[in-house]
Amino acid sequence: MPAADQLPSASDSAAPDGALLVDGQRLSVDGREYQVVVSARRKRLGLTVERDGSLLLRVPVGCETARAEGFVRQSRRWIEAKLGIQAEHRPAHPVRVFRDGEVFRYLGREYRLLVVDEGGDPVRLAAGRLRLDKRAATDPRRARREIVAWYRKSGLRWSQRRLQPWAARMEVPEPGVTVRDVGNRWGTYRPGDQGAGQMALHWAIFQLPAHLVDYVIAHELAHIRVSGHGPEYWTLLRRAIPECEARKEELDDLGRRLWLG
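Residues numbered from 1 in each chain as written. Predicted model: local features only at pLDDT ≥ 70, side-chain atom pairs only at ≥ 80, totals over all residues. Heavy atoms only, no water.

K.L.:
Describe the overall build of the protein, with residues and values.
P.N.:
The helix and strand tally for the protein stands at seven helices and twelve strands. Taking the principal axes of the C-alpha coordinates as reference, the protein spans close to 65 × 40 × 30 Å. Relative to its full complement of 261 residues, the protein shows a buried share of 46%. Total accessible area on the protein stands at roughly 13100 Å², and carbon and sulfur atoms take up 47% of it. The centroid of the 44 positive side-chain charges in the protein is displaced by 4 Å from the centroid of its 34 negative side-chain charges. (Helix = DSSP H or I, 4+ residues; strand = E, 2+ residues; numbered from the N terminus. Buried < 20%, exposed > 50% of the residue type's maximum accessible area, 1.4 Å probe, protein only. Areas by Shrake-Rupley, 256 points an atom, 1.4 Å probe, with all protein chains shown as cover. Lys, Arg positive; Asp, Glu negative; His and termini not counted. Charge placed at Lys NZ, Arg CZ, Asp CG, Glu CD.)

Below is the structure:
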């Protein structure tokens, strides 16, 4: 799931008419550069404005350069509007220090850091405090790695319990799940040659309230049945979460203020 705005639907723009776009190509149209993502599951073209302002152009296999350029030009006003909104709401991701009293969030609740000399796991949540081993706390890079690893481990354990009920509700097979840094997205889904494919969740989302993590999970599960973000996709997601638009807005607002390490 991109932390981004998306336009559902149509190696350069100087390529001759009839040239086919390839996955990973960069296409320049009217001074803007788009990274091309080719998918065999798509039938229409679509655009995504990523959280960092980069532009993804999603196309089906066999899409000609001229067709893509036309679609981008027709979408110019939409692109400019979304980029303008992003400029007004730039991310304000906080910086964390690794000392007693610093606040970290887990599933929407605040926990203050306590540096301890107790042995055992470098990071653990106990007695209402996030406890960090003092040997890790003396090295900010190590402290960051250990806390991120704790989010990954705890988030994976939590999401594994949530995945099956959501998959049953949406009537889709349960995919495998990992928790890691997925860059400019809060979640991704990749279909597999066999089975239900693989979902990846960004470790940082586990700072959010549980209902927003559920939204990210449901958002990615919907891609098991629908690859793009057209009307069919949102109809499916709305059946599972009637207030999905409100949750998306809340995610966009809180997501820009998450600690990303």
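Having put the structure on the table, let's press on.
K.L.:
Hey, could you go over the side chain of H229 for me, with residue numbers and the actual values?
P.N.:
Here H229 shows up in the loop between helix 5 (210-221) and helix 6 (231-240). Side chain to side chain, H229 and H219 meet in a polar contact 3.2 Å long. (Polar contact = N/O pair within 3.5 Å; in protein donor to acceptor, adjacent residues only side chain to side chain.)

K.L.:
Help me get a handle on the pattern of salt bridges, residues and values and all.
P.N.:
Pairing of side chains with opposite charge becomes possible as their charged atoms draw close. By the definition in use, this model includes 15 salt bridges. Residue E80 pairs with R76 through a salt bridge whose shortest N-O separation is 3.6 Å. Highlighted residues: E80 and R76, both in helix 2 (residues 76-88), separated by four residues, approximately one helical turn. R131 is the partner of E118 in a salt bridge, and the nearest nitrogen-oxygen pair spans 2.9 Å. Placement of the pair is E118 in the loop between strand 7 (109-116) and strand 8 (123-126) and R131 in strand 9 (residues 129-133), with a sequence separation of 13 residues. The exposure class of E118 is partly exposed, given its relative accessible area of 44%. (Salt bridge = Lys/Arg side-chain N within 4 Å of Asp/Glu carboxyl O.)

K.L.:
Give me the lowdown on the environment of S39, citing residues and values where you can.
P.N.:
Within the secondary structure, S39 is located in strand 3 (residues 32-39). Residues S39 and G228, spaced 189 residues apart in sequence, show a C-alpha to C-alpha distance of 9.9 Å. The residues touching S39, leaving out its near neighbours within four places in the chain, are V59, P60 and V61. Side-chain polar atoms of S39 contact the backbone nitrogen of R41, separated by 3.1 Å. (Contact = heavy atoms within 4.5 Å.)

K.L.:
Account for the sheet that holds strand 8, naming residues and giving values.
P.N.:
Pairing in this open sheet of four strands is mixed, and the strands run 6-7-9-8 from one edge to the other. The open sheet terminates on both sides in strands that have one partner only, identified here as strand 6 (103-106) and strand 8. Direction aside, the axes of adjacent strands within the sheet are offset by 35° on average. By the bridge criterion, four bridges tie strand 8 to strand 9 in an arrangement that is antiparallel. Residue pairing across strands places L125 opposite L130, the latter belonging to strand 9. (Pairing = 2+ DSSP bridges. Axes fitted to C-alpha atoms, helices over the stretch in contact; angles between N-to-C directions.)

K.L.:
Summarise the sheet that holds strand 11 (residues 187-190); cite the residues concerned and give the values.
P.N.:
Spatially, three strands are ordered 10-12-11 in an open sheet, and the strand pairing comes out mixed. Looking at the sheet topology across the chains shown, the edges are occupied by strand 10 (176-180) and strand 11. Across the sheet, the mean angle from the axis of one strand to that of its neighbour is 20°, orientation sign disregarded. As paired strands, strand 11 and strand 12 (residues 198-202) are joined by four bridges and run antiparallel to one another. Residue pairing in the sheet places T188 in a bridge with A200 of strand 12. Strand contacts of helix 5: strand 11 and strand 12, with the helix running at about 150° to strand 12, the strand carrying the most contacts.

K.L.:
Residue-level account of the packing of helix 6 against helix 7 (residues 244-255), with values.
P.N.:
Interhelical geometry of helix 6 versus helix 7 gives an angle of 95° and a closest axis separation of 9 Å. Classified by the angle their axes make, helix 6 and helix 7 are roughly perpendicular. Facing helix 6, whose interface residues are W234, L237 and R238, helix 7 presents C244, E245 and K248. Classifying every residue of the contact of helix 6 with helix 7 by side-chain character gives three nonpolar, no polar and three charged. (Parallel < 35°, antiparallel > 145°, perpendicular 65-115°, else oblique. Nonpolar A, V, L, I, M, F, W, Y, C, P; charged D, E, K, R; others polar.)

K.L.:
Could you give an account of helix 1 (residues 65-74), with specific residues and numbers?
P.N.:
Turning to helix 1, its buried residues number three or more, namely T65, A68, E69, F71 and V72. Buried positions in helix 1, seen along its axis, are confined to an arc of 160° and lie on one side of it. (Arc of directions from axis to C-beta.)

K.L.:
Now, about the packing of aromatic side chains: what can you tell me, with residues and values included?
P.N.:
A full pass over the atoms with the stated rule returns nine aromatic pairs. Taken together, a centroid distance of 5.2 Å and an interplanar angle of 70° make the contact between W150 and Y151 edge-to-face. Take W150: its relative accessible area is 11%, and that puts it in the buried class. On the numbers, 5.6 Å between centres and 40° between planes, the contact of Y151 with W203 is tilted. With Y151 in helix 4 (residues 140-170) and W203 in the loop between strand 12 and helix 5, the pair connects residues that are 52 residues apart, well separated along the chain. In terms of burial, Y151 and W203 fall into one category: buried. (Phe/Tyr/Trp six-rings, centres within 6.5 Å; stacked < 30°, edge-to-face > 60°.)

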